[in-house]
Amino acid sequence: MTWLSDSALERLRAAAEAPDLGGTRYQLVSKLGQGGMGGVFQVEDQILERQVALKVLSIADPEGTLSARLLQEARIIARLEHPGIVPVHDAGVLPDGRPYYTMKLIQGQRLDAHVVSVTTLTDRLRLFLRICDPVAFAHAHGVLHRDLKPSNVMVGPFGEVLVMDWGLSKLLHDPQRHEKASVAGDNPLMEAPADRTAHGTVLGTPGYMAPEQAEANALIDQRADIYSLGAILQFLLAGAAPFPRALDAIRKQAMSISPGSRYQTVLQLAADIQHFLDGAAVSAYPEGPLTRIWRWVGRNRAWILLLLVYIVVRALLIFFRPR
Amino acid sequence: MVDSIKASPDPQQFPATRWSLIEAARSPDAAQRQRALETLISAYWRPVYKYIRLHWNKDNEEAKDLTQDFFARLLEKHLLDRFDPSRARLRTYLRVCVDGLVMNSDKAAQRQKRGGDIAFLPLDFESAEGELRQLPIASPTGPEEFFAQEFARSLFGLAIDRLRRECEAKGKALHFQLLELYDIDEGGKQLTYEEAGRRFGIKATDVTNYLAFARREFRRIVLEELRSMTASDEEFRREAQMLLGVKLA
């Protein structure tokens, strides 16, 4: 029997796992990571001479369901043209039969690693708002992410924020779906059902997943993503505690057990964060008169200081005026 | 360039479900059982021998005896009949059986008695001993990790042998040679595809295509062998992830 060294074993493991790019425009550079159903590789597009990321299915898929999901993921991302969502370049099937798509290669840090370099509360909240942007955009286009968490957010070298891994995403409504399905015919890879959790499979990440996502066959909507955003906010605020009550109220409302008690849109959540940053009242935190006065004082510190200086100067002038 | 969408993944990508080996090893048909056990032994005897040598710190001769004894018991006592795939993976079950055997190995007389009744398997212990000398010095892995790594080495070695035979039978010996150059031999990775092409008298694009073919076939063979040596879908998935890093549904 052929003797294999440890390094040969590792090379064979990598070779067996790597996508077969023979006959394609791509050449393998390295492996970037492993997701729930697919591996992500850095490849070189030899025609355009640029590095891109290639996601390929690495799960046996005898019924073609996962292939359809990967293709659906590519199509969903392709329709979401937003600076906070990584653009898809190409999709297809590799010579080894595995479906794939290529996308822009993002050179950056995951949010869970990047956050340590963001030290102030204000900067963390501004970062959070940049995460809310693409999610709100996706919701406006009828797309739920369903797996929002720090490891699915990338922060680029110029501070750009991208929401990644739309593998569990779901179309809330797809007016073109009927037409597409009829064009696809019996081809399961062309078919892109709106809901891939039809069999009651629980999809998501514990800790960031809305409670209703854990219930088999439960109907979920954009408020599930709002719960996850609340969990990301909680992650960003960890270590900054004790943080202001108003901010905690925002987090609590975003993470309410009942979807009806949460913010109903991402824009509402983002607006409350922005109001907090501006020193204005937030909808999640009803204020008493004293709190309102104190916040007003805090927001108008400079004017109040100037007024006080003016009063003191006037008083001094009156007191020392020659009689 | 790939510019078309196929209906579904290549059915050859992953082997079809079949539990022939484990089922056959439990078969009442003695000939069928014997064939299945021989296949199982071919994948496991080296990991078992090396595990006894290194983990149990037994000398060469004692490890040989215990290895023979273990597989004799596997045949004689129908140990596989007691294997419950819902409780453990086959690899772990076999290792625990080895542990039990070695712990009771002081009863040398009993072993001698059993050995007298059972035909010894023609196992090439000298080559296994030679392989042991090539292992890195005392790695800090636990028994499960060591046994898993040696099982992977054995399974991949068998898969490479089968790939060589299949490539030669199909007139694709060059495809195998390229895999050998890039993935098995040390230093092969330093060759560019152009240099390898010049060495074998083919174009660089052919090098990548031939290599992709051989790797794809290697993957198929490993998964086929693994499928036959596992007892449940769940175990197959976990073992495939451990061996190849791939997740299988």
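Everything here concerns the structure above.
This is a predicted model, so every value here is computed, not measured.

Draft legend 1. Examining the nonpolar core more closely. Judged by nonpolar contacts, the single largest core of 135 residues is most densely connected at Leu229(A), Ala214(B), Phe218(B) and Val222(B). If you tally residues by element for this core, the top one is helix 10 (residues 204–228) of chain B, at 11 residues.

Draft legend 2. How the structure looks around the sheet that holds strand 2 (residues 38–45) of chain A. Residue and element names in this part refer to chain A. Taken in spatial order, the 5 strands line up as 1-2-3-5-4 in an open sheet, and their pairing is antiparallel. Each of the sheet's edge strands pairs with one partner strand only, and the pair in question is strand 1 (26–34) and strand 4 (88–93). The mean angle between the axes of side-by-side strands here comes to 25°, regardless of whether they run parallel or antiparallel. Both strand 2 and strand 3 (residues 50–57) contribute to a ladder of 8 bridges, which runs antiparallel. Across the sheet, residue phenylalanine 41 finds its bridge partner in strand 3, namely leucine 54. Across the sheet, helix 2 (residues 65–79) is in contact with strand 2, strand 3, strand 4 and strand 5 (99–104); its angle to strand 5 comes to roughly 25°.

Draft legend 3. Molecular detail of the sheet that holds strand 8 (residues 153–155) of chain A. Residues and elements named next belong to chain A. Across the sheet, 3 strands lie side by side as 6-8-9; this open sheet has antiparallel pairing. Strand pairing shows two members of the sheet lacking a second neighbour, strand 6 (109–110) and strand 9 (161–163), which therefore form its edges. Examined bridge by bridge, strand 8 and strand 9 share 3 bridges and lie antiparallel to one another. Across the sheet, the residue bridging to valine 155 is valine 161, located in strand 9. Against the sheet, helix 4 (residues 121–140) makes contact with strand 8 and strand 9, and its axis sits at roughly 45° relative to strand 9, the strand it touches most.

Draft legend 4. Looking closely at helix 10 of chain B. In this model, helix 10 of chain B (25 residues) spans 36 Å end to end at C-alpha, consistent with the 36 Å of a helix rising 1.5 Å per residue. For helix 10 of chain B, the tally of buried residues reaches 20 of 25 residues, placing the bulk of the element in the interior.

Conventions and cut-offs
- Residues numbered from 1 in each chain as written.
- Chains lettered and ligands numbered in written order.
- Predicted model: local features only at pLDDT ≥ 70, side-chain atom pairs only at ≥ 80, totals over all residues.
- Core = buried A, V, L, I, M, F, W, Y, C linked by C-beta atoms within 7 Å.
- Buried ≥ 20, exposed ≤ 12 C-beta atoms within 10 Å, placed from the backbone.
- Helix = DSSP H or I, 4+ residues; strand = E, 2+ residues; numbered from the N terminus.
- Pairing = 2+ DSSP bridges.
- Axes fitted to C-alpha atoms, helices over the stretch in contact; angles between N-to-C directions.
- Contact = placed C-beta atoms within 7 Å.
- Expected span 1.5 Å × (residues − 1).

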